[in-house]
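Topology and contacts: notes
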Amino acid sequence: MPDYLLTTSPQMAKRHKRHKRFQWYGRIAIAISISFMLFMFTAIFFRGIGAFQKTMVAVDIQFTESQIDPSGVRDATSLKQANYKPILLQGLQQVIPGATERRDRNNLYKLLSNGAAFDLGARVANTPDLIGTSERVWVAASSEVDLYVKGKIDPREIPEELRRLKDQDIAWIETLRDAGQIKKKFNTAFFTNGDSRSPEMAGILSAAIGSFFSLLICFSIAFPLGILTAVYLEEYAKKSKLTDLIEVNINNLAAVPSIVFGLLGLAIFLNFFNLPRSTPLVGGMVLALMTLPTIIIASRSILRSVPQATRDAALGLGASKTQTTFHHVVPLAMPGMLTGTILGMARALGETAPLLMIGMVAFIVDVPKGVTDVATALPVQIFLWADSPEKGFVELTSAAIMVLLVFLILMNVFAVYLRKKLERRW
Amino acid sequence: MKQSQDLTLRRASRLSQFREYAIQAALIGCSLVAIFTTIGIVASLAFEAIRFFGKIPVQSFLFGLEWSPQTAIRDDQVGASGAFGVLPLLAGTLLISCIAMTVATPLGLLSAVYLAEFASPKSRNLVKPMLELLAGIPTVVYGFFAVLVVAPLIRGSGAELGLQISSESALAAGSVMGIMLVPYISSLSDDVINAVPQAIRDASYGMGATHTETVTKVVLPAATPGIIGSLLLAISRAIGETMIVVMAAGLAANLTANPFEAVTTMTVQIVTLLTGDQEFDSAKTLAAFAIALFLLVLTLGLNIFALRLVDKYKRKYA
């Protein structure tokens, strides 16, 4: 708008001002949505970043044979199951000699995680030569200690009788810290463990593997079915009642709420076909049916963009319909179809509701070894942790969300890379 | 010699023809999966729902004002059959969807108008993927955020103002869901606005209208059917959304229009009825399928109607 128009007429200036204002409404709307997203990401980031570190306690351990393996057989299972509590306690008492009463001893031992003795047992079972030696071992502290050391609970705010960590416990922690025996270390357990009742021992590995198996099944069903359907509808089918019906179905399936797919899985795959409950096999099948419409719709638009000249040239040289389609058209469309599929898989990776319906919402400690093992998935694990009342799980939930988002971003980046690298423009 | 060559050729061509047919049949088979899925969904829901209606009459499900699926252990106990009226669930679902749409509609539409009409190509290329990122975030993340940050925030600011706000208020779940819906509305409306022919705009400019006047008085009215379609699609998504409400909304059915109270939704009830211990023949578990059927009819109806609106509108200017 030239300036002389604005200055000549007050009416025009008003209209122009309205134009400017309206543009600002749009900018503000966009800013609100995007800043909400950034707020969400930062809130989750700052809550979750702490979970990548965890508080460890150094304990000087005497691996005395009489306590661990009195029989001297060195049998792995009995080494694992030996009573390590007194050994750990003796180590702690070297720093805190005052704790000799039964109750004090129990309280002192509670500074360590329940998993500490288990980890120690696994270590001894792996290297039985340790027996008879002494060594400084870093074991996990309990979740309460962890929260205290990270500054997430302030004992001054809560009266002593309401906290789990009493004044004496805190004094012990400080003594240990002064002796350099409490440190925050990288939380490897978070990446190598399955779920656990104690936050300091819980990890995402079994959920991540469960998600991986589910996606594997989902991909191996949805990708071939999706692209072949797209090929049929775009390259072969003449317009008929049947193709109309298929098309209407695909469009409607794309709009069915995801939880309904879960009910389909429950009623048909589990109750009718009696497939194993809570497994990645069924989870993957449900996710496949759910992503199928996305893949079909994306693949069709890619196939439509392959120029007619390609088909004409192949047919003109005597190729059959099938040869034209599968030797010439499909290879040209493949990068685009793969991109669409990966984006569909990314969506399936974040899907929770249908998996709840088919029972993939279990407490899974062991890493699933195959598609028919009972498993859970990453977003379901997030849901489970978000639901648990223990304070230590808030951190873990946020950290698991960060891991999930990283996977999603990687898949999206890979899809975009694939498109950039292999896409042909016509 | 020639004859045998002919024969091989003919045999080869018959073989390849057979192959063509076989491949085509296989392709048709693949496409039928979509139909079978639909049939499977409808059949499984309908089958279980009919069994449910054998125990609970249809009218008391559709018009009942009370929802308390806890069936008693002893038969002679009061309320032994439980109450399975879907209306409180529908009301809760609609309340949360309304709140979500109140947040999402202005944000989504204004973003769409700005991106389609005013933004430079450069900022459009930057902003559009960012908005679409919102649609790519798993809903369990939104749910966690609603519980952890938004609900305490709303509750706290309510307490400042002297309002009693439940920590599972419909407002918290609804507003977070609203943000989730923004990209659905903005990208569809964006398409719709772009489909308005340039000639209409030019005519408006020619009459001396400013850009904003052209947009608000000419382009948007022309695009209205398509925009309504995109809003209906967003509503259908809000009704079917599960994880945000499972995490952030309440469990107890509550027939209210007060956004500060906790309400429950149809999807929440499906999840609570079907996770945990279940005996398969009880009215309780079968009720989940009846709700799901209701949900499916609702969302599909909205969807078909919306797609038809958008289609009709697009054809008008094609």
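As the structure is a prediction and not an experimental result, all values here were calculated from the model. Residue indices follow the written sequence of each chain, beginning from 1 at its first position. To label them, take the chains in the order written and letter them from A, then take the ligands in the order written and number them from 1. The predicted nature of this model means local features are confined to residues of pLDDT at least 70 and side-chain atom pairs, given and counted, to a pLDDT of 80 or more, with totals for whole chains, interfaces and linings taken over all residues.

Here we look at the overall build of chain B
Rule in force here: The helix and strand labels rest on DSSP assignments: H or I over at least four residues marks a helix, E over at least two residues marks a strand, and numbering proceeds from the N terminus. Our radius of gyration looks at C-alpha atoms and nothing else; its globule reference is 2.2 Å times the residue count to the power 0.38. Here a residue counts as buried when 20 or more other C-beta atoms fall within 10 Å of its C-beta, as exposed when 12 or fewer do, and as partly exposed in between; the C-beta atoms come from the backbone.
Along its length, chain B carries 11 helices and 2 strands. Sequence-ordered secondary structure for chain B, helices as α and strands as β, is α-α-β-β-α-α-α-α-α-α-α-α-α. Relative to a compact globule of 318 residues, whose C-alpha radius of gyration would be 20 Å, chain B shows 26 Å and is clearly more extended. When its C-alpha atoms are laid out on the principal axes, chain B stretches across 95 × 65 × 35 Å. Burial status across chain B gives 47% buried among its 318 residues.

Some details on the overall build of chain A
We count it as follows: Two residues qualify as being in contact provided that their C-beta atoms, derived from the backbone, are within 7 Å of each other.
Along the backbone of chain A there are 19 helices and 3 strands. On C-alpha atoms alone, chain A measures out to a radius of gyration of 30 Å, which is more than a quarter above the 22 Å that the 2.2 N^0.38 rule sets for 426 residues. Principal-axis analysis of the C-alpha atoms places the extent of chain A at approximately 90 × 75 × 40 Å. A burial count over chain A gives 44% of its 426 residues as buried. Expressed as a percentage of contacts within chain A between residues at least 6 apart in sequence, the contacts between residues at least 24 apart total 77%.

Things to note about the interface of chain A and chain B
For clarity, the cut-off: When residues are sorted by character, Ala, Val, Leu, Ile, Met, Phe, Trp, Tyr, Cys and Pro go into the nonpolar class, Asp, Glu, Lys and Arg into the charged class, and all the rest, Gly among them, into the polar class.
Taken together, the contact pairs 64 residues of chain A with 64 residues of chain B. Of the residues forming the side of chain A that touches chain B, the biggest block, 19 residues, is contributed by helix α2 (residues 10–48) of chain A. Its residues assigned to classes, the side of chain A that touches chain B shows 45 nonpolar, 15 polar and 4 charged.

Quick word on the confidence of the model for chain A
Convention followed: Per residue, pLDDT measures the predictor's confidence, with a range of 0 to 100.
Of the residues in chain A, 97% reach a pLDDT of 70 or more, and the chain-wide mean stands at 89. Per-residue pLDDT, averaged within each element of chain A, yields its smallest value for helix α1 (residues 3–8) of chain A (59) and its largest for helix α11 (residues 205–236) of chain A (95).

Some thoughts on the sheet that holds strand β3 (residues 182–186) of chain A
Residues and elements named next belong to chain A. What counts here: Strands are labelled as partners when DSSP assigns at least two bridges between them. Working convention: axes come from line fits to C-alpha atoms, limited for helices to the stretch in contact. Angles between N-to-C directions cover 0 to 180 degrees.
Spatially, 3 strands are ordered β2-β1-β3 in an open sheet, and the strand pairing comes out antiparallel. What marks the edges here is a single partner per strand, and that holds for β2 (134–140) and β3. Taken pair by pair, the neighbouring strands of this sheet meet at an average axis angle of 40°, ignoring direction. Both strand β1 (residues 53–62) and β3 contribute to a ladder of 5 bridges, which runs antiparallel. Its bridge partner being in β3, Gln53 is matched across the sheet by Phe186.

Some words on the domain arrangement of chain A
Residues and elements named next belong to chain A. Rules: The split into domains, and so the bounds of each, comes from an automatic or database assignment of domains.
With domains assigned, chain A is organised as domain 1 (52–186) and domain 2 (205–422). The distance between the C-alpha centroids of domain 1 and domain 2 comes to 46 Å. On the domain 2 side, the residues contacting the 4 residues of domain 1 number 4 residues. Taken together, the residues of the side of domain 1 that touches domain 2 break down into 2 nonpolar, 1 polar and 1 charged.

Here's the deal with the packing of helix α13 (residues 258–272) of chain A against helix α14 (residues 280–305) of chain A
To characterise two packed helices, one gives the angle between the axes of the helices and the distance between these axes. All names here are of chain A. Condition: Any angle that falls under 35 degrees is termed roughly parallel, while one over 145 is termed roughly antiparallel, one within 65 to 115 roughly perpendicular, and all others oblique. With the far helix as reference, a near helix turned anticlockwise by less than a right angle produces a left-handed crossing, and one turned clockwise produces a right-handed crossing.
The geometry of α13 relative to α14 is characterised by a closest axis approach of 9 Å and an angle of 130° between their N-to-C directions. Taken together, the axes of α13 and α14 are oblique relative to one another. Between α13 and α14 the crossing geometry is right-handed. Facing Ser258, Phe261, Gly262, Gly265, Phe269 and Leu270 of α13, the residues of α14 in contact are Val282, Met285, Val286, Leu289 and Met290. Split by residue class, the contact of α13 with α14 holds 8 nonpolar, 3 polar and no charged.

Observations regarding the domain arrangement of chain B
All names here are of chain B. In terms of domains, chain B is made up of domain 1 (2–55) and domain 2 (83–317). With centres defined by C-alpha atoms, the gap from domain 1 to domain 2 works out at 38 Å. Across the contact, 7 residues belong to domain 1 and 8 residues belong to domain 2. In terms of residue class, the side of domain 1 that touches domain 2 is built from 4 nonpolar, no polar and 3 charged.

As for the nonpolar core
All names here are of chain B. Threshold: By convention the nonpolar core is taken to be a set of buried residues drawn from Ala, Val, Leu, Ile, Met, Phe, Trp, Tyr and Cys and joined through C-beta atoms within 7 Å.
Within the largest apolar cluster, 227 residues are counted, with the highest numbers of intra-cluster contacts made by Ala146, Ala173, Val176, Ile244, Ala248 and Ala292. Looking at which element gives the most residues to this core, the answer is helix α3 (residues 87–118), with 18 residues. Once residues lying within four places of it in the same chain are set aside, the contact partners of Ala146 are Ala151, Ala172, Ala173, Val176, Ile244, Met247 and Ala248.

Remarks on the environment of B:Leu307
Residue position: B:Leu307 is located in helix α11 (residues 283–317). Residue classification places B:Leu307 among the partly exposed positions, given that 17 C-beta atoms sit within 10 Å. Those residues in contact with B:Leu307, other than ones at most four positions away along the chain, are A:Asn251 and B:Gly229.

Side note on the packing of helix α8 (residues 211–240) of chain B against α11(B)
All names here are of chain B. α11 packs onto α8 with a crossing angle of 160° between their chain directions and a minimal axis gap of 8 Å. Judged by the inter-axis angle, α8 sits roughly antiparallel to α11. Between α8 and α11 lies a crossing of left-handed hand. In this structure, α8 uses Pro225, Gly226, Ile228, Gly229, Leu232, Leu233, Ile235, Ser236, Ile239 and Gly240 to contact α11, whose residues at the interface are Leu295, Leu298, Thr299, Leu302, Asn303, Phe305, Ala306, Leu307, Leu309, Val310, Lys312 and Tyr313. Its residues assigned to classes, the contact of α8 with α11 comprises 15 nonpolar, 6 polar and 1 charged.

Section: unusual backbone geometry
Residue and element names in this part refer to chain A. Phi angles above zero are rare outside glycine, and Asn274 is one such case at about 55°. Examined against the element boundaries, Asn274 turns out to sit in the loop between α13 and α14. Residue Ser278 is not a glycine yet carries a positive backbone phi of 60°. Among the secondary structure elements, Ser278 is positioned in the loop between α13 and α14.

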